[in-house]
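Coordinate analysis (summary)
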Amino acid sequence: MPLPVPGRVAEMLRRSTVQVAGSGSGVQVTGGSGIALEGEHVLTNAHVAGGERLVIESWEGDRLPAALIKMDRRRDLALLRVPGLRVTPGTLGDSDGLRVGTPVVAVGNPLGFTGAVSSGIVHRIGPVRFLGALQWIHADVRLAPGNSGGPLSDFQGRIMGINTMIVRGGIALAIPSRAVQTFLSRPATQGSLGVVVRPVQVPNNSFGMMILELVAGGAAEMASLLPGDILVGAGHSRFSYVDDLQAAIDEAPNGLLPLDFYRSGTNVLRHVTARLATPVQTAA
């Protein structure tokens, strides 16, 4: 007898989901799940890929060393390269099409149970107060340590998110596939604006970030920004949280970041485009 639709989806996802283990000094320090992608790649959470040596174990039991290609700690995503990985890749869907009440399936390796499956529905899509402005899929699927980095799929088997954490009430948070696509499309080395900022309120009671320091030779200095300038947006989007600046940097097309700002002592909105530099030190 053929499996019902949710069963077929779960079986397909289990074959695309891998275990990720990281170790340092001979001791396992991280562990979780990942989803195989095209080109011998595995997508997982940044906090799962934190070990010095990473090993991937497939559903069939193959164990292979992995190399970190790139990581975004703000979005908790990491991309690994696993030479020799022979796993059916998962298919990323469009999380913008999710609606409250959509049935979803989560697959992972919680507490050492390989390929565990749980199902539920989407509760909401939006930010979490203590995590800033980042968008999350909120679902009532059952997760446990080891599920991190695994897929959250719709009933067609399209991966709509990457499971990351549990919040109060047992609700699971997953990184939307749209954010995953943005991460995958960015180069491994991200640009830097080269500023130190602090939040301030601008005269019209909106949010801004005052530049306190400039990195010598950095993108902000080269764009003629000055200490005391107040950044209020990027392009047509106004900032509401400190994280919004980093998000704009991460998503700047071709390394060009259009900024809206006020110069200290004036209420005239100014505009400048900064060409992001390769990071040379910790800076926003």
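Computed from a predicted model, the values in this text were never measured in an experiment.

1. Considerations on the overall build of the protein
Each helix and strand in the protein was counted, giving four helices and 19 strands. Taking 19 Å as the expected radius of gyration for a compact globule of 284 residues, we find that the protein reaches 21 Å, a close match to that expectation. Each principal axis of the C-alpha distribution contributes one length, and for the protein these read about 75 × 40 × 30 Å. Taking the intrachain contacts of the protein between residues at least 6 apart in sequence as the baseline, contacts between residues at least 24 apart amount to 57%. Within the structure as shown, the protein displays about 13,900 Å² of accessible surface, and the carbon and sulfur contribution to it stands at 54%. Within the protein, one finds 24 positive and 21 negative side-chain charges whose respective centroids are separated by 3 Å.

2. Let's talk about the pairing of strand β18 (residues 256-262)
Where burial is concerned, most of β18 is hidden: five out of the seven residues are buried. Bridging between strand β16 (residues 230-234) and β18 involves four bridges; their strand directions are antiparallel. Bridged to Ile230 within β18 is Tyr262. Strand direction decides the pairing type here: β18 and strand β19 (residues 269-275), joined by seven bridges, are antiparallel. What sits directly across from Tyr262, in β19, is Leu269. Counted along the chain from β18 to the antiparallel partner β19, the turn is six residues long, and its residue Gly265 has a positive phi close to 90°.

3. Comments concerning helix α2 (residues 177-185)
All of the buried residues in α2 are Ser177, Ala179, Val180 and Phe183. Taken down its axis, α2 places every buried residue within 150° of arc, on the same side. Buried-residue contacts for α2 involve β3 (41-44), β5 (63-72), β6 (77-81), β7 (91-92), β12 (158-167) and β13 (171-176).

Calculation rules
- Residues numbered from 1 in each chain as written.
- Predicted model: local features only at pLDDT ≥ 70, side-chain atom pairs only at ≥ 80, totals over all residues.
- Heavy atoms only, no water.
- Helix = DSSP H or I, 4+ residues; strand = E, 2+ residues; numbered from the N terminus.
- Rg over C-alpha atoms; globule rule 2.2 N^0.38 Å.
- Contact = heavy atoms within 4.5 Å.
- Areas by Shrake-Rupley, 256 points an atom, 1.4 Å probe, with all protein chains shown as cover.
- Lys, Arg positive; Asp, Glu negative; His and termini not counted.
- Charge placed at Lys NZ, Arg CZ, Asp CG, Glu CD.
- Buried < 20%, exposed > 50% of the residue type's maximum accessible area, 1.4 Å probe, protein only.
- Pairing = 2+ DSSP bridges.
- Arc of directions from axis to C-beta.

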